2 protein chains.
Amino acid sequence: MAGRGPKGERGEQADKIIAAARRAFATRGYAATSLRAVAQEADVDPGLVTYYFRTKATLLEAVMQPPEAFGAAVATAAEQPLPLRGRAFVQANLRLWEDPVSAEILRSVILTAAQEPAAMQRLRQLFSELVLAVVSHSLPDAERTLRASLIATQMVGLVMNRYIWQVGDIAALPADTVTDLLAPTIQRYLADPLPTT
Amino acid sequence: MAGRGPKGERGEQADKIIAAARRAFATRGYAATSLRAVAQEADVDPGLVTYYFRTKATLLEAVMQPPEAFGAAVATAAEQPLPLRGRAFVQANLRLWEDPVSAEILRSVILTAAQEPAAMQRLRQLFSELVLAVVSHSLPDAERTLRASLIATQMVGLVMNRYIWQVGDIAALPADTVTDLLAPTIQRYLADPLPTT
């Protein structure tokens, strides 16, 4: 996150600007949103946005930062023994998405990325770092990235249906039931033999 | 599709307008796009857009119409014996998405739906009709809709990663390899015992 000085100093104003940018980028799109529009949405002086973030690209970088708890939750899941890891990973993801604050951040990241190549590039990095962390490090690189990509397809589809679009039975079920239903799929992508490997 | 008279009469102009609306809704969003902007994008007189589609809602309905081949492909997959149906369904979807014309239509439907509740409502109907058609009709309704919803999570996630965002190994693999990798997951959601059923 790019601000002058540590987070405490930057205070509430910078957070307010980031939150406003998140809403604006996700609903109107990154390209169509000016720094001035972000300032208006945040109810701050446009000069303050420039002071804290300099450029729209720097502001995007701050917006795309996932909740700190996300990295921590995935790291904990990654430490589970392999036979339990698929379930732990699904649980970690659902816990984050069930929290309204984290969910709002993750939701903005996905909606912004869908429209903006620079944001998509950042989302790609997040996947490399976070999902790949769960896949066994002793596998060959090509197999690791394939397994991570398969896991991403199932988790992204879950998130889109349950949290972004809120469609289908999967949107209404308790998180524990969703975990029971999805964990075997993630476990297969993590550890079962695959046709191409 | 809402035009005056059969498709032949409406001719190229209406198709041109629909294609332009598709691009505009998907990139700028439905709410932010005026009928005038669609006319400009289509390079036709604004009066022609109103003549063919009357309202933006009618135009949205036309835009959200999936390619005819999509319904036909899913119907064919639905006729396969249950043990082969998961694979047939994945194949039918991939074949549509590998075709640039169908892919562009499906892509617009998904991007527009992500931003616009009316379009999301239409996408919900599409899923009810198309995915549900694949699930065994002899099952209780609650189980049928749950299985359809699970299939939707995997297929939507595949489409987002491979075709919309084009991220990860799944975006680069041949369609046949993707079918081999995903078919067992869809088959499980179609036919295997589930923890909640």
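Residues numbered from 1 in each chain as written. Chains lettered and ligands numbered in written order. Predicted model: local features only at pLDDT ≥ 70, side-chain atom pairs only at ≥ 80, totals over all residues.

Asker: Even after reading the chapter, I still don't get the overall build of chain A, so can you show me in this structure?
Answerer: If you tally the helices and strands in chain A, you get 10 helices and 0 strands. Counting from the amino terminus, chain A carries its helices and strands in the arrangement α-α-α-α-α-α-α-α-α-α. On C-alpha atoms alone, chain A measures out to a radius of gyration of 18 Å, which is about the 16 Å that the 2.2 N^0.38 rule sets for 197 residues. The dimensions of chain A, computed from C-alpha atoms along their principal axes, are 55 × 35 × 30 Å. For chain A, buried positions account for 44% of its 197 residues. Put simply, 64% of the contacts in chain A that link residues at least 6 apart link residues at least 24 apart. (Helix = DSSP H or I, 4+ residues; strand = E, 2+ residues; numbered from the N terminus. Rg over C-alpha atoms; globule rule 2.2 N^0.38 Å. Buried ≥ 20, exposed ≤ 12 C-beta atoms within 10 Å, placed from the backbone. Contact = placed C-beta atoms within 7 Å.)

Asker: Can you help me understand the relation of the copies chain B and chain A in this one?
Answerer: Applying a rotation about an axis and a shift along it to one chain copy brings it onto the other copy. Take chain B, turn it by 180°, move it 0.0 Å along the axis, and it overlays chain A with an RMSD of 0.0 Å. Between the two chains, the operation in question is that of a two-fold axis. Measuring from the rotation axis to each C-alpha of chain B, the shortest distance belongs to Gly157(B), at 1.8 Å. When the interface residues of chain B are mapped onto chain A, 100% of them again lie at the interface, so the same face is used by both copies. (Least-squares fit on C-alpha atoms with pLDDT ≥ 70 in both.)

Asker: What should I look at first to understand helix α3 (residues 46–53) of chain B in this one?
Answerer: Residues and elements named next belong to chain B. The complete set of buried residues in α3 reads Val49, Tyr52 and Phe53. Burial along α3 is one-sided: seen end-on, the buried residues are contained in an arc of 75°. Looking one or two places after α3, you find Arg54, whose phi comes out positive at around 60°. (Arc of directions from axis to C-beta.)

Asker: Is there a simple way to think about the environment of Ala88(A) in this case?
Answerer: All names here are of chain A. For Ala88, the location among the structural elements is in helix α6 (residues 82–98). Between the C-alpha atom of Ala88 and that of Gly71, which follows or precedes it by 17 residues, the distance is 14 Å. Filtering out sequence-adjacent residues up to four positions away, Ala88 remains in contact with Ala77 and Gln80.

Asker: Looking at this model, I keep getting lost on the interface of chain B and chain A. Mind explaining?
Answerer: One frequently used descriptor of interface size is the decrease in accessible area upon assembly of the parts. Each side of the interface is counted separately: chain B has 32 residues, and chain A has 32 residues. Broken down by element, the side of chain B that touches chain A gets its largest block of residues, 15 residues, from helix α9 (residues 141–164) of chain B. Per-class residue counts for the side of chain B that touches chain A are 19 nonpolar, 10 polar and 3 charged. (Nonpolar A, V, L, I, M, F, W, Y, C, P; charged D, E, K, R; others polar.)

Asker: Even after reading the chapter, I still don't get the confidence of the model for chain A, so can you show me in this structure?
Answerer: Parts of the model with low pLDDT should not have their predicted coordinates read in detail. Residue and element names in this part refer to chain A. Residues with a pLDDT of 70 or more make up 94% of chain A, whose mean pLDDT is 88. When the criterion is pLDDT under 50, residues 1–6 qualifies, and its contacts beyond four places in sequence or with other chains add up to 11 contacts. If you check the scores for this complex, the pTM reads 0.84 and the ipTM reads 0.84. (pLDDT = per-residue confidence, 0-100.)

Asker: What's the story with the environment of Gly86(A) in this structure? I'm lost.
Answerer: All names here are of chain A. With respect to the helices and strands, the residue Gly86 is situated in helix α6. Look at Gly86 and you get buried, because 25 C-beta atoms sit within 10 Å. Setting aside anything within four residues of it in sequence, one finds Gly86 in contact with Ala183, Ile186, Gln187 and Leu190.

Asker: Sorry if this is basic, but what is going on with the domain arrangement of chain A here?
Answerer: Residue and element names in this part refer to chain A. Split into domains, chain A comes out as domain 1 (7–62) and domain 2 (68–191). Looking at the side of domain 1 that touches domain 2, the elements with two or more residues in it are α1 (7–28) and α4 (56–64). Examining the composition of the side of domain 1 that touches domain 2, we find that 3 residues originate from one element, α1, more than from any other. In terms of residue class, the side of domain 1 that touches domain 2 is made up of 6 nonpolar, 1 polar and 1 charged. (Domains from an automatic or database assignment.)

Asker: Mind showing me how you'd approach the environment of Leu94(B) here?
Answerer: All names here are of chain B. Inspection of the secondary structure assignment puts Leu94 in helix α6 (residues 82–98). Overall, the presence of 22 C-beta atoms within 10 Å leaves Leu94 in the buried class. C-alpha separation for the pair Leu94 and Ala118, spaced 24 residues apart in sequence, amounts to 26 Å. In this structure Leu94 touches Ala175, Val178 and Thr179, once residues within four positions along its chain are discounted.

Asker: Looking at this structure, how should I read the packing of helix α7 (residues 100–115) of chain A against helix α8 (residues 117–134) of chain A?
Answerer: The description of two packed helices rests on the angle between their axes and on the distance between the axes. Residues and elements named next belong to chain A. Where α7 meets α8, the closest approach of the two axes is 6 Å, and the angle between their N-to-C directions is 125°. Put simply, α7 runs oblique to α8. Between α7 and α8 the crossing geometry is left-handed. Contacts between α7 and α8 involve Val109, Thr112 and Ala113 from the former and Ala119, Met120 and Leu123 from the latter. When the residues that make up the contact of α7 with α8 are grouped by side-chain class, the tally is 5 nonpolar, 1 polar and no charged. (Axes fitted to C-alpha atoms, helices over the stretch in contact; angles between N-to-C directions. Parallel < 35°, antiparallel > 145°, perpendicular 65-115°, else oblique. Left-handed = near helix turned anticlockwise from the far one by under 90°.)

Asker: What exactly am I supposed to notice about unusual backbone geometry here?
Answerer: A negative phi angle is the norm for most residues apart from glycine, just as the trans form is the norm for most peptide bonds. Unlike most non-glycine residues, Arg54(A) shows phi in positive territory, near 65°. With respect to the helices, strands and loops of the structure, Arg54(A) is situated in the loop between α3 (46–53) and α4. Residue Asp43(B) is not a glycine yet carries a positive backbone phi of 60°. The topology assignment puts Asp43(B) in the loop between α2 (35–42) and α3.

Asker: Explain the packing of helix α5 (residues 68–78) of chain B against helix α8 (residues 117–134) of chain B here, please?
Answerer: Residue and element names in this part refer to chain B. At a minimum axis separation of 7 Å, α5 and α8 run at an interaxial angle of 25°. In terms of orientation, α5 and α8 fall into the roughly parallel class. Contact residues: Gly71, Val74, Ala75, Ala77 and Ala78 in α5; Leu130, Ala133 and Val134 in α8. Each residue belonging to the contact of α5 with α8 can be placed in one class, and the counts come to 7 nonpolar, 1 polar and no charged.

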